[in-house]
Amino acid sequence: MTRIIDHPILGKLDDREIITFQFDGNTYEAYENETIAAALLANGIRKLRAHEGSGTPRGIYCNIGHCMECRVTVNDQANVRACLTVVKKNMVVESGKQHPNIVKRLVEQQ
Amino acid sequence: MSDVIVIGGGPAGLAGAIACAKSGLNVSVVDEFIKPGGRLLGQLHREPSGEWWNGIKESERLHQEARKLSVDIRCGVSVYNLEKENQLWNVYTNQGTLTAPFVLVATGAAEYPIPLPGWTLPGVMSIGAAQVMTNVHRVQVGKKGVIIGANILAFAILNELQLAGITVDRIVLPERNQISQTAGEPEEVMKSLLNAAHLAPSPFLRFGSRFMRRDWIRKVGLNFYPKNGVKINGTPLQLRKAAVEIIGKDHVEGVRLADIDANGTIIAGSETIYEADFVCIAGGLYPLAELTAIAGCPFQYIPELGGHVPHHSETMETPLKGLFVAGNITGIESGKIAMAQGTTAGLSIAKHAGKGAGTIDEQLQQALKNVRTVRRHAAIQFNPEIDSGRSRMNQLWEDLYATSIEQ
């Protein structure tokens, strides 16, 4: 997705320092002091996790910490809200994964 | 230890902290977001005077003023519990417990969701999420989007998306059901838009505000409402279309729309899919009041204020000693009113703490007067019946608490 560098009222973004971080094993660029959610969207990434049960894709919803939809794993810490967490240099971010459901699998096998 | 802990660093919380600090109290502010300002940060609109209201600048101004007064502001701190113990309030956060005799809860508002099939797809977000991504983070939420829900917040943010060069293809209504309620009924939506027509999203509505107050004219107006909608700064507002499903595999690819009659009933066989790569759901705002509920504060449901609000006096006290509220937690209004309420709450706390000798009552009266003045001149009013909602709460306070507190 495109960054809004020039804004008719808010003005031009000052040159910010670029850092790199990892998401699901790939390296991406981010601006310092921006959130993980903003950095990923700027890199065209909307899907932040798979639903633990159904495996369906999820992304940001409220973007201010209320809805918990954007939870990712940051440096091995699970369930961190991407919309409230500032991305840091060399941070390792992993998308949330679908959990194995043994009961469901047993039912499907019958 | 601080004298006052303010929960929420938005317009109400910062103004409250400033008023407390000016009265000589030691203040800490905690906020979940990465920087102070709360929802003020995203705001950007032109005032009736022609001047721009830039929320980022206003937030910086409040932040600087608070810092000059040595207010301790901590961002990235989440509060999960609030409890009184030995005359002191314990504020439990993800970074430890803070304790103070006074707490100001200024947690603001959250958005009502309007669930519909496909709404969990990446690319679907609340209208406020799009505002923050656009104005605060400066990242485009997409190339071409659809807004579901026609209300004041949706129009304000539509304008902000357009300013940032993002195409909003159309605004449509949610499908009428038990969750969307009147937001899915064209006639009810029209009524609420006419009440706010001084904001004038389109000449059609401005015209309508004067001539369409009567029910039957409004119905006629809706029947003649152009099928392709009325354009708001280039984006069609389609009151006779409802979103029935958001389509996509891994992310939003389109929205399935159906034609609806004036009551919101879907016209069979009218469904069409429109391409989009993002969708904003605009369900309106409600006071974010869980922390006061956990603390044990009684609540009243007042629809004009946006939903369930904690009992509070006009000077922003709750029935719980030492616990104060300000801003959208007390009712949905604009950021300017939140600031005025924050100042009132701060002075109220100062009074209870025995500060401001001699002049505090006068200062408090002045602050209350200012809240009313700001309300009267508000450019954006979320609920046209706000005054009656405020009066109901004031009356309730008089009836339940006023006499006992004076004793």
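Small disclaimer: the values here were computed from a predicted structure and weren't measured. (Residues numbered from 1 in each chain as written. Chains lettered and ligands numbered in written order. Predicted model: local features only at pLDDT ≥ 70, side-chain atom pairs only at ≥ 80, totals over all residues. Heavy atoms only, no water.)

Now for the overall build of chain A. Looking only at helices and strands, one finds two helices and nine strands in chain A. For chain A, the N- to C-terminal ordering of α and β elements is β-β-β-β-α-β-β-β-β-β-α. For 110 residues, the compact-globule estimate of 2.2 N^0.38 gives 13 Å, and the C-alpha radius of gyration of chain A, at 17 Å, exceeds that figure by more than 25%. Along the first, second and third principal axes, the C-alpha set of chain A runs to 60 × 30 × 20 Å. Counting contacts in chain A only where the partners sit at least 6 residues apart, residues at least 24 apart contribute 45% of the total. A total of about 6000 Å² of accessible surface is found on chain A, and carbon and sulfur atoms cover 48% of it. Across chain A, the 14 positively charged side chains and the 13 negatively charged ones have centroids separated by 7 Å. (Helix = DSSP H or I, 4+ residues; strand = E, 2+ residues; numbered from the N terminus. Rg over C-alpha atoms; globule rule 2.2 N^0.38 Å. Contact = heavy atoms within 4.5 Å. Areas by Shrake-Rupley, 256 points an atom, 1.4 Å probe, with all protein chains shown as cover. Lys, Arg positive; Asp, Glu negative; His and termini not counted. Charge placed at Lys NZ, Arg CZ, Asp CG, Glu CD.)

Turning our attention to the interface of chain B and chain A. Opposite the 42 residues of chain B that make contact, chain A presents 35 residues. Taking both partners together, chain B and chain A bury about 3200 Å²; carbon and sulfur atoms supply 62% of that area. Counting every contact that joins chain B to chain A gives one salt bridge. A salt bridge links B:E32 to A:R81, with the shortest nitrogen-to-oxygen separation between them at 2.9 Å. (Buried area = accessible area lost by both parts, 1.4 Å probe. Salt bridge = Lys/Arg side-chain N within 4 Å of Asp/Glu carboxyl O.)

This part covers helix 10 (residues 360-376) of chain B. Residue and element names in this part refer to chain B. Here helix 10 spans 25 Å end to end across 17 residues, near enough to the 24 Å set by a 1.5 Å rise per residue. Along helix 10, the positions that sit buried rather than exposed are I360, L364, A367, L368, V371, V374 and R375. Here the buried residues of helix 10 occupy an arc of 125° about the axis, which is enough to place them on one side. Residues of helix 10 that are exposed and point over 90 degrees away from its buried face: E362 and R376. (Expected span 1.5 Å × (residues − 1). Buried < 20%, exposed > 50% of the residue type's maximum accessible area, 1.4 Å probe, protein only. Arc of directions from axis to C-beta.)

Once that is clear, we can look at the UniProt feature "domain: FAD/NAD(P)-binding" (unreviewed entry) in chain B. In the numbering used here, UniProt assigns the "domain: FAD/NAD(P)-binding" (unreviewed entry) feature to residues 3-153 of chain B. For residues 3-153 of chain B, helix accounts for 25% and strand for 34%, while the C-alpha atoms at its two ends are 36 Å apart. (UniProt positions renumbered as here; feature names shortened; annotations may be inferred.)

Moving on, we come to unusual backbone geometry. In this structure, A:D76 is a non-glycine residue whose phi angle is positive, near 75°. Among the secondary structure elements, A:D76 is positioned in the loop between strand 7 (71-74) and strand 8 (77-81). Of note, the phi angle at B:N86 is positive, near 50°, even though the residue is not glycine. Tracing the sequence through the fold places B:N86 in the loop between strand 6 (79-85) and strand 7 (88-93).

A few words on the domain arrangement of chain B. Residues and elements named next belong to chain B. According to the domain assignment, chain B contains domain 1 (4-110 + 285-406) and domain 2 (113-281). In this complex, domain 1 contributes 16 residues to the contact, which on the side of domain 2 involves 13 residues. Between domain 1 and domain 2, roughly 1300 Å² of surface is buried when both sides are summed, and carbon and sulfur atoms account for 67% of that area. In this assembly, domain 1 and domain 2 are joined by zero salt bridges. Across the side of domain 1 that touches domain 2, the residue classes break down as eleven nonpolar, three polar and two charged. (Domains from an automatic or database assignment. Nonpolar A, V, L, I, M, F, W, Y, C, P; charged D, E, K, R; others polar.)

Residue and element names in this part refer to chain B. Looking at where T93 falls in the secondary structure, it is placed in strand 7. The class of T93 is buried, set by a relative accessible area of 5%. Here the side chain of T93 touches G96 through a polar contact of 2.7 Å, landing on its backbone oxygen. (Polar contact = N/O pair within 3.5 Å; in protein donor to acceptor, adjacent residues only side chain to side chain.)

We now examine the sheet that holds strand 8 of chain A. All names here are of chain A. Strand order in the open sheet made by the five strands is 4-3-9-7-8, with mixed pairing throughout. Two strands close off the open sheet at either side, each with one partner strand: strand 4 (26-31) and strand 8. Averaged over neighbouring strand pairs, the angle between their axes works out to 40° when direction is ignored. (Pairing = 2+ DSSP bridges. Axes fitted to C-alpha atoms, helices over the stretch in contact; angles between N-to-C directions.)

Residue and element names in this part refer to chain B. Scanning the entire structure with this criterion turns up six aromatic pairs over all chains. Note on Y80 and Y92: the rings are 6.3 Å apart at their centroids and 40° apart in plane angle, and the pair reads as tilted. With Y80 in strand 6 and Y92 in strand 7, this pair connects stretches of sequence that are twelve residues apart. Given the relative accessible area of 54%, Y80 is considered exposed. With a centroid separation of 6.3 Å and an interplanar angle of 50°, the aromatic rings of F102 and F324 are classed as tilted. (Phe/Tyr/Trp six-rings, centres within 6.5 Å; stacked < 30°, edge-to-face > 60°.)

This next bit is on the pattern of salt bridges. Residues and elements named next belong to chain A. If you walk through the whole model with that rule in mind, you get 23 salt bridges over all chains. Here D24 makes a salt bridge to K97, at a shortest N to O gap of 3.5 Å. One end of the pair, D24, is in the loop between strand 3 (18-23) and strand 4; the other, K97, is in the loop between strand 9 (92-94) and helix 2 (102-109), with 73 residues separating them in the sequence. A salt bridge links E69 to R58, with the nearest nitrogen and oxygen atoms 3.3 Å apart. Here the residue E69 occupies a position in the loop between strand 6 (57-58) and strand 7, and R58 occupies one in strand 6, the gap between them amounting to eleven residues. Taken individually, E69 and R58 each receive the classification buried, so the pair is uniform in this respect.

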